Amino acid sequence: MYQWRKFDFFEEKLGGKITIPDEVTGKLECCSSGRGKIAVGCDDGTVSLLDRGFKFNYGFQAHTSSVLYLHFLKQRNFLVTVGEDEEISLQKLSFVLKVFDLDKTLLPEGPSTSSPECIQILRIFTDEFPEAKITSFSVLEEAPPILLIAFGLDNGCIYYIRGDIARKQIKRFKLQVENTPDKSQLPVTGLAFRVDGQSLQLFAVTPTSVSLFNFRTQPPSRQTLDNIGCNVSSVAMSDRLELIMGRPEAVYFYEVDGRGPCWAFEGEKKFLGWFRGYLLCIVEDQRTGQNIFNVYDLKNRLIAHSILVKEVSHMLCEWGNVVLIMTDKSVLCIGEKDMESKLDMLFKKNLYTVAINLVQSQQSDAAATAEVLRKYADHLYSKQDYDEAMSQYIHTIGYLEPSYVIQKFLDAQRIYNLTNYLESLHEKGFASKDHTTLLLNCFTKLKDVDKLNVFIKSEDGERKFDVETAIRVCRAANYHEHAMYVAKKAGRHEWYLKILLEDLGSYEEALKYISSLEPSQAGVTIKEYGKILIEHKPVETIEILLRLCTEEGEAAKRGSSNGTYVPMLPSPVDFLNIFIHHPYSLMDFLEKYTNKVKDSPAQLEIHNTLLEIYLSNDLKFPPSSQVDVGENGNLRAEQSSAKGKDADKAKECHEKFQKGLRLLKSAWPSDQETPMYDVDLAIILCEMNGFREGLLFLYEKMKLYKEVIGCYMQAHDHEGLIACCKRLGDSGMGGDSSLWADLLKYFGELGEDCSKEVKEVLSYIERDDILPPIIVLQTLSRNPCLTLSVIKDYIARKLEQESKLIDQDRRAIEKYQEETVAMRKEIHDLRTNARIFQLSKCTYCTFTLDLPAVHFMCMHSFHQHCLGDNEKECPECAPEYRSVLEMKRSLEQNSKNQDQFFEQVKSSKDGFSVIAEYFGKGIISKTTIGSADNAP
């Protein structure tokens, strides 16, 4: 004890000199505190309540004689008293227990005369429980309204009462502490309840023993913890549920299993107490006989306060202070100083370790602890004890700004200490990207590969650094292996491949790594680094792409079980950008893909891309076909090499065109209306690169026959042009006969001798009567290289044919004129001469004609009853007449349909004949006066 430092962590409160109020007149026998008040019991039976500052609140007569014990309940505002009351009938004093409800007063006239309601009075001793002197007292408030009350007696017994005291629903027990060999009775000097969960226990102390009663068994079992004891007032309970017992040689702590720690504080212990983790002890100095009040901090092994005091009668804890009541009714109130004051006191004495232990023991917040550690570390740093300073700075991580520490050790060039601090920052998860960069730079400057391995390749399963920062720093320091390890473990595939490809040039290893990834990850990495891989390892890269786009992975298997197309597989279109400088590799990839997958949803885009490659002339010549010229090669060798290149390039171009033509045909089957590629794009590509075969196929599939023959005309392929017209110009086979007219126009404007071709064309025009001769003559007259002999035979045949037609028309005209004259004569006779009807029989029934009869101008006669209601027209001539009228009405209706007239003119081989026919039918010539007047 004498080695323990003494400090003034406590100070007097309430202004120093305080006494018990004068209203308390009797001798103080007992005290209790709770709910912001202190209750004092006197030998005259009164109980007085004092508030903060020891001001008298009110008092009341609790017992007729002395008050022995008081206890404030914690859960209810009740006061339990034990005292002596006079029994009038027996004319003697008896010990009774009373319970007062402090919330209910009987006399509210004034504060000094108020008296709380006594809700129950209970006799302590009965016939079964003989009377003895009460030497100790303890109360435990269980779940309200149950109370547990224990009385320690001078005969070594304990009376135990449990139940609802207010309703007298109680049970009594008697416990025997010990039986001495000489059968002498030792008083029970201390009692203390201990509640641990559902376990209820009771400590009992006598001058020669410490016992523990366990109430889990009935009757309660007793266990002797020690064979030494103490006197009254030297027993207390700590906040850790330990029994504290004071003896002259030491202070003992007891737990349920026996004696615990022992503190050798010499001197007679008059009072013991426990306050906020401090041991309170009033000790009588053996040398001077004076009383010393000590406050022990057992955890930090120091005396927090020590002061000489008078004779103490009671020690209490209330209002956050320790209250000592002296026998002369003076009061000493001592309170703990705030933490800041205590720390300032320690800092001035450079007692930093004590300050650290103090804040940790009193469960201060972590920020306050870190501040103390910082000051201690600064103190050590000022003494150039860098290692120990750094150990303290490390404890402040999470509360102290790391830059404060880092700057100090950067200035001092203490890179080893700085490395330790940065490692701790990462271990505790407070490191930023900058801290990771600094730590890795420290490792590389120190060339400490072992620590770098431990930091990078930690197997604790948790990364304590920023991955990207670590990779970047390791790359910059040429620690590629470490950078690759971090990238691979963190799943940063893009960084792993970046190192392999850009730093190490390990293309094969990069491809193997990509092959080991999940399909989704492999696709992402191929998109990012595919250009480099295609440039150096095209064949292997294409194989990986084919596996990604065609293989049946786990996702594909799940999808295929449903019988539907699996959209999880990536599309080849997603990887087109990596082939931007390598079209031949792209062609190879897409060809292999289309051979494996026939129904890809990206078929249209794939075919379009292949067509662009097949039909383009400006693709770079493949590097494999290039022939390097040696340094000693002559000019002739270079020229022959160049010629060989040109020949190979022409051959390759032809092969590509043929592939393009095969694709055009295979992707547009005859049973489909639209192709599996963009027709407009295909036409543009064929036009730009002069691929006539492709254009001819596309135009013919689109039935653009005029564009087909236009291709032949542009190429001056007369033989192919005529053959095409023979195939596409046959109207009987669904062709367009107007192609011959276009062909004739072409030869007419050609400007060169093409007599043979013209004669062949004229034979087809004459055969199908496509053009009138006048148009033929006008068209061919534009070509100055053609002579009359070319069309002489054609004109002769046409003139002969026209002469025959003219003769036929002349004979038809003469016939129609003769019939017209006869009709006009007949009409004149009908209008001017009488008609004699000589028929004797009915035309309808062939019976003899008798009256009444009907005669028609057509010379038919009928009985009137044979005609019925229709007497206005001849039944024999009516059908013919109706047909003529119907024809007339139809012609008039057609004359109103101008669209039909123009369509016939447009589609007819000879439009003039159509117009002549309309004139002949009298449709066009029939006009009204209004229309003539309105004509322009």
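Keep in mind the model is a prediction, meaning the values are calculated, not measured.

### Here we look at the overall build of the protein
Per the secondary structure count, the protein includes 31 helices and 32 strands. For the protein, restricting intrachain contacts to residue pairs at least 6 apart in sequence, the fraction spanning at least 24 positions comes to 47%. With an accessible surface of roughly 52100 Å², the protein has 50% of that area assigned to carbon and sulfur atoms.

### Details of the pairing of strand β7 (residues 55-61)
Here six bridges tie strand β6 (residues 46-51) to β7, and the two strands are oriented antiparallel to one another. Bridge pairing in β7 links Leu49 to Tyr58. Here β6 hands over to β7 after three residues, with Gly53 in that stretch at a positive phi of 90 degrees.

### A few points about the confidence of the model for the protein
A residue-level look at the protein finds 89% of positions with pLDDT of 70 or above and a mean pLDDT of 82. Across residues 621-639 the pLDDT falls below 50, and counting only partners more than four positions away or on other chains, this stretch makes 12 contacts in the model. For the stretch residues 926-936, pLDDT sits under 50, and the model shows one contact to residues farther than four places along the chain or on other chains.

### Some thoughts on the side chain of Thr135
For Thr135, the position within the fold is in strand β12 (residues 134-141). Engagement of the side chain of Thr135 in a polar contact is seen with the backbone oxygen of Val188, the distance being 2.5 Å. For Thr135, the contacting residues outside a window of four places in its chain are Tyr69, Gly152, Leu153, Asp154, Pro187, Val188 and Val232.

### Describing empty space enclosed by the protein
Taken as a whole, this structure holds one cavity of 30 Å³ or more when the rule is applied. Roughly 50 Å³ of volume is contained in the largest cavity. Leu73, Arg76, Phe78, Val99, Ile119, Pro145, Leu147, Asp164, Ile165 and Ala166 are the residues that line the largest cavity. Looking at the lining of the largest cavity, its residues break down into eight nonpolar, no polar and two charged.

### Details of the sheet that holds strand β13 (residues 146-153)
Hydrogen bonds along the backbone pair up the strands of a sheet, which may run parallel or antiparallel. Within the open sheet, the four strands sit side by side as β12-β13-β14-β15. Their pairing is antiparallel. Here the strands that pair on one side only, and so sit at the sheet edges, are β12 and β15 (169-176). Direction aside, neighbouring strands of the sheet carry axes that sit 15 degrees apart on average. Where β12 and β13 come together, seven bridges link them in antiparallel fashion. Residue Val139 lies in a different strand from β13, and its bridge partner there is Ile149.

### Quick word on the packing of helix α25 (residues 773-780) against helix α26 (residues 789-832)
It is at 11 Å that the axes of α25 and α26 come closest, and there the two elements cross at 160 degrees. The orientation of α25 relative to α26 falls into the category roughly antiparallel. Relative to α26, α25 is oriented so that their crossing is left-handed. Contact with α25, carried on its side by Pro773, Val776, Leu777 and Leu780, involves Ile791, Tyr794, Ile795 and Lys798 of α26 and no other residues of that element.

### What to know about the packing of aromatic side chains
If you walk through the whole model with that rule in mind, you get 34 aromatic pairs. Within the aromatic cluster, the residues linked to one another by ring pairs are Tyr381, Tyr386, Tyr393, Tyr404 and Phe409. Over the aromatic face of Tyr381 sits the side chain of Lys408, whose NZ or CZ is 4.6 Å from the ring centroid. The cationic tip of Lys498 hangs over the ring face of Trp495; the distance from NZ or CZ to the ring centre is 5.8 Å.

### Considering the layout of surface pockets
Looking at the second largest pocket, its volume works out to about 420 Å³. Here the lining of the second largest pocket is composed, by residue class, of six nonpolar, four polar and seven charged.

### Some details on the nonpolar core
Core analysis: the biggest nonpolar cluster contains 163 residues, and Phe293 and Tyr393 have the highest contact counts within it. For this core, the element with the most residues is helix α23 (residues 738-748), which contributes seven residues. Within the second largest apolar cluster, 24 residues are counted, among which are Phe95, Val99, Leu122 and Ile134.

### Focus: unusual backbone geometry
For the bond from Gln218 to Pro219, the omega torsion is -5 degrees, close enough to zero to count as cis. Position of Pro219 among the secondary structure elements: in the loop between β18 (209-214) and β19 (221-226). The phi dihedral of Arg35 is positive, around 55 degrees, even though this residue is not glycine. Along the chain, Arg35 falls in the loop between β4 (28-34) and β5 (37-42). Positive phi outside glycine occurs at Arg301, with the angle close to 55 degrees. Mapped onto the secondary structure, Arg301 falls in the loop between β26 (291-297) and β27 (302-309).

### Some details on a nonpolar patch on the surface
On the surface, Ile774, Ile775 and Leu777 cluster together into a nonpolar patch covering about 230 Å² of accessible area. Mapping Leu777 onto the fold places it in helix α25. Judged by relative accessible area, Leu777 falls into the partly exposed class, the value being 33%.

### Let's talk about the packing of helix α12 (residues 507-516) against helix α14 (residues 538-550)
Two measures define how a pair of helices packs: the angle their axes make with one another and the distance between the axes. Two numbers describe how α12 lies on α14: the axes approach to 11 Å, and their chain directions differ by 5 degrees. By the angle between their directions, the pair α12 and α14 is classed as roughly parallel. Two secondary-structure elements touch here, α12 through Leu511, Ile514 and Ser515 and α14 through Glu540, Thr541, Ile544 and Arg547. Taken together, the residues of the contact of α12 with α14 sort by class into three nonpolar, two polar and two charged.

Scoring rules and cut-offs
- Throughout this description, residue numbers start from 1 for each chain and increase along the sequence as written.
- Local features in this predicted model are restricted to residues whose pLDDT is 70 or higher, and side-chain atom pairs enter the listing and the counts only when it is 80 or higher, whereas totals over whole chains, interfaces and linings include all residues.
- Calculation of side-chain values draws on the structure's entire complement of heavy atoms; hydrogens and water are dropped beforehand.
- Helix and strand assignments follow DSSP, with helices taken as H or I runs no shorter than four residues and strands as E runs no shorter than two, numbered in order from the N terminus.
- Every residue pair with non-hydrogen atoms within 4.5 Å of one another is taken to be in contact.
- Exposure was quantified through the Shrake-Rupley algorithm and a 1.4 Å probe, taking into account, for residues, occlusion by the shown protein chains and nothing else.
- The pairing criterion for strands is at least two bridges between them, as found by DSSP.
- Per-residue confidence from the prediction method is given by pLDDT, with values spanning 0 to 100.
- Counted as a polar contact is a pair of N or O atoms within 3.5 Å, where, for protein atoms, one must be capable of donating a hydrogen and the other of accepting one, and residues adjacent in sequence contribute only when both atoms are in side chains.
- Here a cavity means grid points, on a 1 Å grid over the protein atoms only, where a 1.4 Å probe fits yet cannot get out; a pocket means an open set of points with protein on both sides within 12 Å along at least five of seven lines; lining residues are those with an atom within 4 Å of a point.
- Grid points are joined across faces, edges and corners, and a volume is the space filled by probe spheres set on the points.
- Residue type decides the class: Asp, Glu, Lys and Arg count as charged, Ala, Val, Leu, Ile, Met, Phe, Trp, Tyr, Cys and Pro as nonpolar, and the leftover types, Gly among them, as polar.
- A fitted line through C-alpha atoms represents every axis, and for helices the fit uses only the stretch in contact; the resulting angles, taken between N-to-C directions, go from 0 to 180 degrees.
- Should an angle fall under 35 degrees it is taken as roughly parallel, and over 145 as roughly antiparallel, whereas 65 to 115 is taken as roughly perpendicular and any remaining angle as oblique.
- Each crossing is labelled by how the near helix is turned from the far one, with a counterclockwise turn of less than a right angle marking it left-handed and a clockwise turn marking it right-handed.
- Within 6.5 Å between ring centres, the rings of Phe, Tyr and Trp (the latter by its six-membered ring) count as paired, and their orientation is classed by plane angle as stacked under 30 degrees, edge-to-face over 60, tilted in between.
- Placement of a positive charge over a ring is assigned whenever Lys NZ or Arg CZ falls within 6 Å of the ring centre and within 35 degrees of the normal to the ring plane.
- We call a set of buried Ala, Val, Leu, Ile, Met, Phe, Trp, Tyr and Cys residues a nonpolar core when their side-chain atoms join them within 4.5 Å.
- Three labels apply to residues, based on accessible area from a 1.4 Å probe with only protein chains included: buried if under 20% of the type maximum, exposed if over 50%, partly exposed otherwise in between.
- To count toward a patch, a residue needs a relative accessible area over 30% and no salt bridge; like charges are then connected within 9 Å, while nonpolar side chains (Val, Leu, Ile, Met, Phe, Trp, Tyr) are connected within 5 Å.
- Counted as salt bridges are all cases of a side-chain nitrogen of Lys or Arg within 4 Å of a carboxyl oxygen of Asp or Glu.

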